[in-house]
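# Coordinate analysis (summary)
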Amino acid sequence: MEATITIDGHKLTEGQAMAVRVALTAFLLELKHDKQFADGLGVIGIAYQARLNEVMHIILNEAS
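What this report covers is the structure whose coordinates are included nearby.

Criteria and thresholds
Residues numbered from 1 in each chain as written. Predicted model: local features only at pLDDT ≥ 70, side-chain atom pairs only at ≥ 80, totals over all residues. Heavy atoms only, no water. Helix = DSSP H or I, 4+ residues; strand = E, 2+ residues; numbered from the N terminus. Polar contact = N/O pair within 3.5 Å; in protein donor to acceptor, adjacent residues only side chain to side chain. Core = buried A, V, L, I, M, F, W, Y, C linked by side-chain atoms within 4.5 Å. Buried < 20%, exposed > 50% of the residue type's maximum accessible area, 1.4 Å probe, protein only. Contact = heavy atoms within 4.5 Å. Phe/Tyr/Trp six-rings, centres within 6.5 Å; stacked < 30°, edge-to-face > 60°.

## Describing the environment of Asn61
Within the element layout of this structure, Asn61 appears in helix H3 (residues 43–63). Separated by 52 residues in sequence, Asn61 and Gly9 place their C-alpha atoms 21 Å apart. Among the polar contacts made by the side chain of Asn61, one reaches the side chain of His57 at a distance of 2.8 Å.

Here it is in structure tokens:
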């Protein structure tokens, strides 16, 4: 079961929530494993990684 995700008052379907989770996971993995990509983003890359980790924590806790 996917976490319930609401964007601007619109509740996503389970399939849409899964797509968001997979996209966030893929981007987070890219930041973690592609040093050149992450370095190219500079400070914003560090912030993205921190915020994505927070969101993934929420998603995973909501879905369980």
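Now that the structure has been shown, we can carry on.
## Remarks on the nonpolar core
Counting ten residues, the largest nonpolar core consists of Ala3, Ile5, Leu12, Ala17, Leu28, Leu31, Ala38, Leu52, Met56 and Ile59. Listed by contribution, the elements that provide at least two residues to this core are helix H1 (14–33) and H3. Not counting residues within four places of it along the chain, the set of residues in contact with Leu31 comprises Phe37, Ala38, Leu41, Gly45, Tyr48, Gln49 and Leu52.

## Considering the packing of aromatic side chains
Within this structure, the stated rule accounts for two aromatic pairs. A ring pair is formed by Phe27 and Phe37, whose centres lie 6.0 Å apart and whose planes are at 75°; its orientation type is edge-to-face. Taken together, the residues Phe27 in helix H1 and Phe37 in helix H2 (residues 35–41) connect sequence positions ten residues apart. Overall, Phe27 belongs to the partly exposed group, its relative accessible area being 29%. An angle of 65° between the planes, with centres 5.8 Å apart, marks the rings of Phe27 and Tyr48 as edge-to-face. Here Phe27 is found in helix H1, whereas its partner Tyr48 is found in helix H3, with 21 residues between them in sequence.

## Focus: unusual backbone geometry
Backbone geometry at Asp8 places phi at a positive 50°, although glycine is not the residue there. Relative to the helices and strands, Asp8 is located in the loop between strand S1 (6–7) and strand S2 (10–11). You can call Asp8 exposed: its relative accessible area is 82%.

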